[in-house]
Amino acid sequence: MSKSQKLFNESKKVIPSGVNSPVRYFEPYPFFAKKSNGAYIWDEDNQRYIDFCNGYGALLLGHRRKEVLSAVSKQLTQGTMFCTPTQSEIELSKLIVSNFPSIQKVRLVNTGGEATMTAIRLARGFTKKKKIIKFEGCYHGAHDSVLVKAGSGSAHNGISVSDGGLDEVSKNTLVVQYNNSEELERIISKNKDIAGVIVEPILANMGLILPEKNFLSEIRKITKDNDVPLIFDEVVTGFRISPGGAQQHFRIKPDITTLAKALGSGFAVAAVGGKKEIMDLLSPGGKVYQASTYAGNPTSVSAAIASIKTINKIKNKLYSKLEKYNIMLTHAIDDIATDLKIPHQINFTSSMFQIFFTDKPVVDYISSMNADAKKFKKMFSILLKNGVFIAPSQFEVVFLSDAHTKTDLENTINAYDVALKSVKN
Ligand SMILES: Cc1ncc(COP(=O)(O)O)c(C=O)c1O
């Protein structure tokens, strides 16, 4: 029996389902990580994997990035928690404000879910309205307002509305099909109680689904014309698509933005930012309450400052390299699947991609749900056996990092070759 298997059996006795987040479980048992570096994770059985899960997108710069580690090590000698303001919080906030022109003020939190929860409360406080609109398949964290027709682990586990979630809350969440701005317009025009619209500008929680041309500019126009705040959930796309996120790439200015993942390069830090008049509603100055003991803790803040500074410094090389590598990888995988006559789609952009086993384009929740997830599961397990770790669900995304080398790509293509052959059989 492998050490991971033994540990999983032990884990199940004290941790529900043996994991601390549902997406981490896969059959027959997840591998238990021992250490990581650059592009790799080693498990407790000393097996090495090329990591394309990459902390679900957080590790844009790779594992244990030296600039981040040295900033954090320095901070550890100064203190890890003060719960009184620090100069470094100002430095980080200024960096975020300068990278994201739509953000005039920003509050630091710990997780993406906390950021979207605060963004929604701010939108409600600002408009004094109740309902929010989200898009089918977008995942914004595990809280009641947004756990409705959500992607990621909730789609993977077939949970459209969670047990224990309150109907009174979820009935105030209206759901619109992704890439359907006409439906959004119809719902907003019929409903005068809309507090905000929240969207992943690139849908990275149903596999990868790209916004169709004009979708984002149309929803920006509709929300502006109707005085409805637009929230861009850039938890995945922030810093990953460009130093100023998807909003810089698509040239759209939302009213509120949420950031997490790549902001902290593996440390728990997130942010919610936006227009001054909205952000100033936060307590204690305003009446929208938000608080957290660990918010803005100096350890995570030092990691985030180092991450943004590193990204800003290397941006000219970073994004073009990631895109080039992504194109190499996806084209090679596409060729293999085509030669094998496996019906498939590959959606990709920047440093993210996903393959779907279907002959129809994947453009929304339904088309992603209709792809053959069993084939995906089989491919995942063969990739893993061949030393390549991608997120274990059709409804996640393959993430490249700055640490991947050409040799890693070649080895990954070989692993996909084996995995796709087994999918065919
Ligand atoms: C787009 C998006 N928003 C919010 C979240 C929630 O972030 P966290 O898991 O840090 O709470 C996620 C997590 O994957 C996400 O992908």
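This text gives an overview of the structure that appears in the document. (Residues numbered from 1 in each chain as written. Predicted model: local features only at pLDDT ≥ 70, side-chain atom pairs only at ≥ 80, totals over all residues. Heavy atoms only, no water.)

Re the overall build of the protein
For the protein, the count of helices and strands is 14 helices and 14 strands. On C-alpha atoms alone, the protein measures out to a radius of gyration of 21 Å, which is about the 22 Å that the 2.2 N^0.38 rule sets for 425 residues. Overall size of the protein, expressed as C-alpha extent along the three principal axes, is 60 × 55 × 50 Å. Here the protein holds 425 residues, and 56% of them are scored as buried. Within the structure as shown, the protein displays about 18,900 Å² of accessible surface, and the carbon and sulfur contribution to it stands at 52%. Of the side-chain charges in the protein, 54 are positive and 41 negative, and the distance between the mean point of each set is 4 Å. (Helix = DSSP H or I, 4+ residues; strand = E, 2+ residues; numbered from the N terminus. Rg over C-alpha atoms; globule rule 2.2 N^0.38 Å. Buried < 20%, exposed > 50% of the residue type's maximum accessible area, 1.4 Å probe, protein only. Areas by Shrake-Rupley, 256 points an atom, 1.4 Å probe, with all protein chains shown as cover. Lys, Arg positive; Asp, Glu negative; His and termini not counted. Charge placed at Lys NZ, Arg CZ, Asp CG, Glu CD.)

Observations regarding the environment of Ser145
When you line up the elements, Ser145 lands in the loop between strand 5 (131-135) and helix 5 (152-156). Relative accessible area serves as the criterion here: at 10%, Ser145 is assigned to the buried category. Beyond its immediate chain neighbours, meaning those up to four positions away, Ser145 contacts Ile120, Arg124, Ile132, Val169 and Thr173. (Contact = heavy atoms within 4.5 Å.)

Some words on the site of the ligand
Around the ligand, the structure places Thr111, Gly112, Gly113, Tyr139, His140, Gly141, Glu200, Asn205, Asp233, Val235, Val236 and Lys261. Gly112 has a polar backbone atom sitting 2.8 Å from an oxygen atom of the ligand. In this structure, Gly113 approaches the ligand through a main-chain N or O atom, which is 2.8 Å from an oxygen atom. Alone, the ligand offers 390 Å² of accessible surface; in the complex the protein occludes 80% of this. Tallied by class, residues from the shell around the ligand come to three nonpolar, six polar and three charged. (Near = heavy atom within 4 Å. Polar contact = N/O pair within 3.5 Å; in protein donor to acceptor, adjacent residues only side chain to side chain. Nonpolar A, V, L, I, M, F, W, Y, C, P; charged D, E, K, R; others polar.)

Re the packing of helix 13 (residues 373-385) against helix 14 (residues 406-424)
The description of two packed helices rests on the angle between their axes and on the distance between the axes. One way to put it is that helix 13 packs onto helix 14 with a least axis distance of 8 Å and a crossing angle of 140°. Classed by the angle they form, the pair helix 13 and helix 14 counts as oblique. Seen along the crossing, helix 13 lies across helix 14 with a hand that is right-handed. Every residue of helix 14 that contacts helix 13 at Lys375, Lys378, Met379, Ile382 and Leu383 is listed here: Ala415, Tyr416, Val418, Ala419, Leu420, Ser422 and Val423. The class makeup of the residues in the contact of helix 13 with helix 14 is nine nonpolar, one polar and two charged. (Axes fitted to C-alpha atoms, helices over the stretch in contact; angles between N-to-C directions. Parallel < 35°, antiparallel > 145°, perpendicular 65-115°, else oblique. Left-handed = near helix turned anticlockwise from the far one by under 90°.)

Quick look at the packing of aromatic side chains
On inspection of all chains with the given rule, the structure shows 10 aromatic pairs. Ring plane angle 80° and centroid distance 4.9 Å describe the contact between Phe31 and Phe389, whose orientation is recorded as edge-to-face. Of this pair, Phe31 sits in the loop between helix 1 (3-14) and strand 1 (33-37) while Phe389 sits in strand 13 (residues 388-389), and the two are 358 residues apart along the sequence. Accessibility classification places Phe31 together with Phe389 in one group, the buried group. Every member of this aromatic cluster is reached through a ring pair, and the members are Phe31, Tyr49 and Phe389. Positioned above the aromatic ring of Trp42, the side-chain terminus of Lys35 is 4.8 Å from the ring centre. Of note, Arg48 hangs over the ring of Tyr40, and the distance from its end group to the ring centre comes to 3.9 Å. (Phe/Tyr/Trp six-rings, centres within 6.5 Å; stacked < 30°, edge-to-face > 60°. Lys NZ or Arg CZ within 6 Å of the ring centre and 35° of its normal.)

Looking at the pattern of salt bridges
With the rule as written, the count across this model stands at 16 salt bridges. In this structure, the salt-bridge partner of Lys377 is Glu27, at a minimum N-O distance of 2.9 Å. Of the two residues, Lys377 sits in helix 13 while Glu27 sits in the loop between helix 1 and strand 1, which places them 350 residues apart along the sequence. Residue Lys377 is classed as partly exposed on the basis of its relative accessible area of 48%. Arg65 is paired through a salt bridge with Glu67; the nearest N and O atoms lie 2.9 Å apart. For Arg65, a relative accessible area of 16% gives the class buried. (Salt bridge = Lys/Arg side-chain N within 4 Å of Asp/Glu carboxyl O.)

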